[in-house]
Amino acid sequence: MVGYKDRRALEVGHGPCELSFTLVAGLLRRKDDPALESAVTENPRIVVIGGVAAGMSAASQARRRNPKARVTVFERGPYISYGACGMPYNIEDPDRDMDDLVVLSPERAVKERGIDLHLRHEAVDLDADEGWVLVRDLEAGTERRESFDALVLATGAMAIRLPLPGMDLPGVFVLRELTDGRALKRVLASGPRKAVIIGAGYIGMEMAHVLTSRGLEVTVLEKLPQVLPGWSADTVAVVGETLAEHGVAVHTGVTVTAAEAGPGGHVHAVATDAGRFEADVVLMAAGIRPNVSLAAAAGLRIGDTGAIWVNQHQETSHDGIWAAGDCAEAYHRILRKNAWIPLGTTANKQGRVAGANAAGLRERFGGIVGTAGFVVFDLEVARTGISAEQAAGEGFEPTTVTIRQRSRAHGYPGGTPIQVTLVADAPSGLLLGGEIVGREGAALRANVLATALAAHMSVTDVQSLDLAYAPPFAPVWDPILVAANQLAKRVRRQETRP
Ligand code: FAD
Ligand code: NAD
């Protein structure tokens, strides 16, 4: 019988997007091969570190694909498998229980999926060559070595806590884990009046809306010159108007210097180079960092992005170790190289691939195009692909267009404007990216662009897409088609696929 590690040793090739070919994996597809049949049904010991989106996807998939595998998950926190993405909307509703966000309870993970689950257990050391992790039981204070045949790192990311005076005061929060959401929601129940949000990225925008709707006076402080750094000025202008309409005070280009305590020791203000802003609640939404310390200390390759390097099979640079989710890079189909765009949708998909492969299969993650969206007040905001600025930095010759069109047919009541920004490479006509913002039908239209990007369509291809039309949900010329028509005038090569 081919041993588990022996099978890994047969691997050839390890490039980021190669279709590296496993001799055994090739054989795996030949279901008639008895040696292979026995190899896949052996019982490997698979250890997964981290029990949220990527980790539980990997563990569940490993068990499903190889029911004889012993799959052990170590999670240092008290929860597994929750939808962090739902926290802002949960916080918005004082009557909703945070536990609604838990997708799979620890009991079900053990009973229904047969996963050997250990909560409040932290992996503190990893010997990649010997194949063991040192695990600390955070309750008992004890440590033990756990050996593995296959390891999946799904350690995620952590919120950046600004190393400034006062950022550890009561009333200062981050929003990353379920416990963070719970703590913030508890404080909101006590009726604070003023909130300062540090950072105008995804969490900053979503929480500006949520805290305003919970009745707080909200100020957003962003260190860069615009909200949503990296987005087009046209989208940012619409978002800015909406924030202003809803009374959110936005200050960009601001350097935060400290959080200050009031007489009771609770946070009372945020000090900046642009003045002092009173706050009963401060939310640090200044970005995240991938949790790579375990991988880095074990000598695994860390990519240029700062996250764990993986190929499209989710393999790290070390045989027998896979990585998935926010701790790992992902292959970007437009950039044709790895990128770090940490999102739940990617974590779930990568986790499945890592879990299946750790269980002895040979699956491949197709890659990302950088699609993301959010809601701020009544505005849907979404992007996909790369921006004009990013495109220029990657050697493209970007050309861009922004159009406004109504969301429903002319004469049909209730339509609202949708703004579409498209980016293409002028010489080749290749679509490179897009942003859509509007009050209805905006975010999901970005999925059309995401699909076009994944298929490497040209602007001319997009122009001729057969998109659905009926007056209640679209004008006869969908906003995407109008934008593509305008952009086509600016690209030099105008060809459609057969
Ligand atoms: P994590 O969720 O970070 O989980 C990693 C787990 O590993 C953690 O529980 C951690 O305790 C554990 N861990 C780390 N190190 C160790 C160790 N050494 N030992 C044991 N355990 C360890 N994404 C979207 O696509 N759409 C959205 O709308 C969206 N909204 C979001 C809103 C908010 C407020 C937040 C915070 C995130 C949002 N995201 C969204 C991002 C999404 O939640 C993450 O991409 C996703 O949670 C990543 O999953 P993960 O399993 O890779 O990492
Ligand atoms: P982010 O990277 O989206 O935004 C961080 C913002 O903080 C940036 O605008 C940055 O310039 C600013 N900033 C950094 N340091 C600062 C400082 N000292 N003072 C003022 N501003 C500062 O990160 P986030 O909003 O914290 O969200 C974390 C991650 O969660 C995101 O990367 C995203 O992956 C995920 N997320 C996604 C969604 C979604 O897809 N709808 C929603 C929420 C969160």
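As shown above, the structure is provided for reference.
What counts, and at which threshold
Residues numbered from 1 in each chain as written. Chains lettered and ligands numbered in written order. Predicted model: local features only at pLDDT ≥ 70, side-chain atom pairs only at ≥ 80, totals over all residues. Heavy atoms only, no water. Pairing = 2+ DSSP bridges. Helix = DSSP H or I, 4+ residues; strand = E, 2+ residues; numbered from the N terminus. Near = heavy atom within 4 Å. Polar contact = N/O pair within 3.5 Å; in protein donor to acceptor, adjacent residues only side chain to side chain. Areas by Shrake-Rupley, 256 points an atom, 1.4 Å probe, with all protein chains shown as cover. Nonpolar A, V, L, I, M, F, W, Y, C, P; charged D, E, K, R; others polar. Axes fitted to C-alpha atoms, helices over the stretch in contact; angles between N-to-C directions. Salt bridge = Lys/Arg side-chain N within 4 Å of Asp/Glu carboxyl O. Buried < 20%, exposed > 50% of the residue type's maximum accessible area, 1.4 Å probe, protein only. Left-handed = near helix turned anticlockwise from the far one by under 90°. Contact = heavy atoms within 4.5 Å.

## Some words on the pairing of strand β15 (residues 256–261)
Consecutive residues of a regular strand have side chains that alternate between opposite faces of the sheet. The pairing of β15 with strand β16 (residues 267–272) spans five bridges and is antiparallel. By the bridge assignment for β16, V256 is matched with T272. In sequence, β15 turns back onto β16 through a hairpin of five residues, with G265 there showing a positive phi of about 90°.

## What about the site of ligand 2?
In the region of ligand 2, 22 residues are neighbours, and I203, E222, G287, P342 and G373 sit closest. Measuring from an oxygen atom of ligand 2, one finds a side-chain N or O atom of E222 at 2.6 Å. In isolation ligand 2 exposes 840 Å². Once the protein is present, 79% of that is buried. For the shell around ligand 2, the leading source of residues is helix α8 (residues 202–213), giving four residues. Its residues assigned to classes, the shell around ligand 2 comprises 14 nonpolar, five polar and three charged.

## Brief notes about the site of ligand 1
Close to ligand 1 lie 27 residues; A54, E75, R176, D326 and L343 are nearest. Here E75 contributes a side-chain N or O atom positioned 2.6 Å from an oxygen atom of ligand 1. The backbone of L343 places a nitrogen or oxygen atom 3.4 Å from an oxygen atom of ligand 1. Summarising the interface, the protein chains cover 89% of the accessible area of ligand 1, which totals 1000 Å² for the free molecule. Sorting the residues of the shell around ligand 1 by element identifies α4 (53–65), β4 (70–75), β6 (121–127) and α11 (344–358) as the ones contributing at least two each. Of the residues in the shell around ligand 1, the class split is 15 nonpolar, seven polar and five charged.

## So, the sheet that holds strand β17 (residues 275–278)
Two pairing modes exist for strands in a sheet, parallel and antiparallel, and in both the strands are linked by backbone hydrogen bonds. Strand order in the open sheet formed by three strands is β15-β16-β17, and the pairing between neighbours is antiparallel. Each edge of the open sheet is held by one strand with a lone partner, namely β15 and β17. Averaged over all pairs of adjacent strands, the angle between strand axes in this sheet comes to 25°, irrespective of strand direction.

## Here we look at the pattern of salt bridges
Under the definition given, this model contains 21 salt bridges. The shortest N-O distance in the salt bridge between R276 and E260 comes to 2.7 Å. Here E260 lies in strand β15 and R276 lies in strand β17, a separation of 16 residues in the sequence. Using a relative accessible area of 49% as the deciding quantity, one classes R276 as partly exposed. Classification of E260 as partly exposed rests on a relative accessible area of 27%. The partner of R445 in a salt bridge is D478, with the nearest N and O atoms 2.9 Å apart. Linking R445 in helix α13 (residues 445–454) with D478 in the loop between α14 (459–463) and α15 (479–488), this pair joins segments that are 33 residues apart in sequence. With respect to burial, R445 and D478 carry one shared label: buried.

## Brief notes about the packing of α4 against α11
Axis separation between α4 and α11 bottoms out at 7 Å; the angle between their running directions is 35°. Two packed elements cross with a definite hand, and for α4 against α11 that hand is right-handed. Contacts from A53, A54, S57, A58, Q61, A62 and R65 in α4 reach A347, N348, G351, R352, G355 and A356 in α11. The residue inventory of the contact of α4 with α11, partitioned by class, reads six nonpolar, five polar and two charged.

## Side note on the environment of R492
Along the polypeptide, R492 turns up in the segment after α15. As a C-alpha pair, R492 and F374 span 118 residues in sequence and 34 Å in three-dimensional space.

## A word on the side chain of S60
Note on placement: S60 falls in helix α4. Looking at S60, the relative accessible area reads 5%, which means it is buried. From its side chain, S60 meets the backbone oxygen of M56 in a polar contact 2.8 Å long. Apart from the residues lying within four places of it in its own chain, the contact partners of S60 are R113 and I115.

Any link to function would need more than the numbers given here.
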